[in-house]
Amino acid sequence: MTKWTVDQSHSTVGFEVKHMMVSKVRGQFDAYTSTIEAADLTDLTTANVAFNFDVASLNTHSVDRDNHLKSADFFDVENFSEITFQSTDIVKAGDDYKVTGDLKIKGVTKAVTFDVGFGGKGLDPWGNEVYGFEAETKINREEFGLTWNTALETGGVLVGRDIKIKVELEVNPAS
């Protein structure tokens, strides 16, 4: 098995959620660590993938919103500073993959499956292998204890229940 490194300057771990039933708020985690081991990244079925996300690095480009998301109303960063993902099964699905694993948010662990597309393989200007992947899944935030909300006068709620998680990775061999 070869160890691989996520190039964080060319990767994004993001999310989006409905806001006020009419628009979307997007954000990302700016700090995370990863462990990727695989015999061959052109065949993800050989891989073992793990991520740890620093919840304090959550960034939606609004300091007030970020502070509220980090509070006990949502992620409770004081008591749950990390979100983790550990792959448990990877299967080929046509040209893409289904990567299933244990996602732990706010002390709750649930199996989730990411739809993963292989973006390709190339060499950077220094001769290093570079692989690209895009992954996406949707979770119900309430199943992970993220239940805060408020009703709107016009009907509906302030924060949607479904969270779309989108990951774009550029991966290189570990040095």
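Look a little higher up for the structure.
A. Seen up close, the overall build of the chain. The secondary structure content of the chain amounts to one helix and 11 strands. Since a compact globule built from 175 residues should have a radius of gyration of about 16 Å, the 17 Å found for the chain is in line with a globular shape. Taking the principal axes of its C-alpha atoms as reference, the chain extends roughly 55 × 30 × 30 Å. Per-residue burial for the chain yields a buried fraction of 39% across its 175 residues. For the chain, the proportion of contacts with a sequence separation of at least 24, taken over those separated by at least 6, is 54%. A total of about 9600 Å² of accessible surface is found on the chain, and carbon and sulfur atoms cover 48% of it. Treating the 17 positive side-chain charges of the chain as one cloud and the 28 negative ones as another, the clouds have centres 6 Å apart.

B. Seen up close, the pattern of salt bridges. Applying the stated rule across the entire model yields eight salt bridges. A salt bridge links Arg26 to Glu16, with the nearest nitrogen and oxygen atoms 3.1 Å apart. Residue Arg26 is found in strand β3 (residues 23–29), and its partner Glu16 is found in strand β2 (residues 12–19); the two are separated by 10 residues along the sequence. Among the salt bridges present, the one from Glu168 reaches Lys166, with a minimum N-O distance of 3.9 Å. On the basis of relative accessible area, Lys166 is assigned to the partly exposed category, the value being 34%. In the salt-bridge network here, residues are joined through shared partners; they are Glu16, Lys24, Arg26, Glu136 and Lys164.

C. Geometry of the layout of surface pockets. In this structure, the largest pocket encloses a volume near 770 Å³. What lines the largest pocket is a set of 43 residues, and nearest its centre among them are Gly14, Phe15, Phe29, Ile163 and Ile165. Residues belonging to the lining of the largest pocket are distributed by class as follows: 35 nonpolar, four polar and four charged.

Rules used in this analysis
- Residues numbered from 1 in each chain as written.
- Predicted model: local features only at pLDDT ≥ 70, side-chain atom pairs only at ≥ 80, totals over all residues.
- Heavy atoms only, no water.
- Helix = DSSP H or I, 4+ residues; strand = E, 2+ residues; numbered from the N terminus.
- Rg over C-alpha atoms; globule rule 2.2 N^0.38 Å.
- Buried < 20%, exposed > 50% of the residue type's maximum accessible area, 1.4 Å probe, protein only.
- Contact = heavy atoms within 4.5 Å.
- Areas by Shrake-Rupley, 256 points an atom, 1.4 Å probe, with all protein chains shown as cover.
- Lys, Arg positive; Asp, Glu negative; His and termini not counted.
- Charge placed at Lys NZ, Arg CZ, Asp CG, Glu CD.
- Salt bridge = Lys/Arg side-chain N within 4 Å of Asp/Glu carboxyl O.
- 1 Å grid on protein atoms, 1.4 Å probe; cavity = no way out; pocket = protein on both sides within 12 Å on 5 of 7 lines; lining within 4 Å.
- Points joined across faces, edges and corners; volume = space filled by probe spheres on them.
- Nonpolar A, V, L, I, M, F, W, Y, C, P; charged D, E, K, R; others polar.

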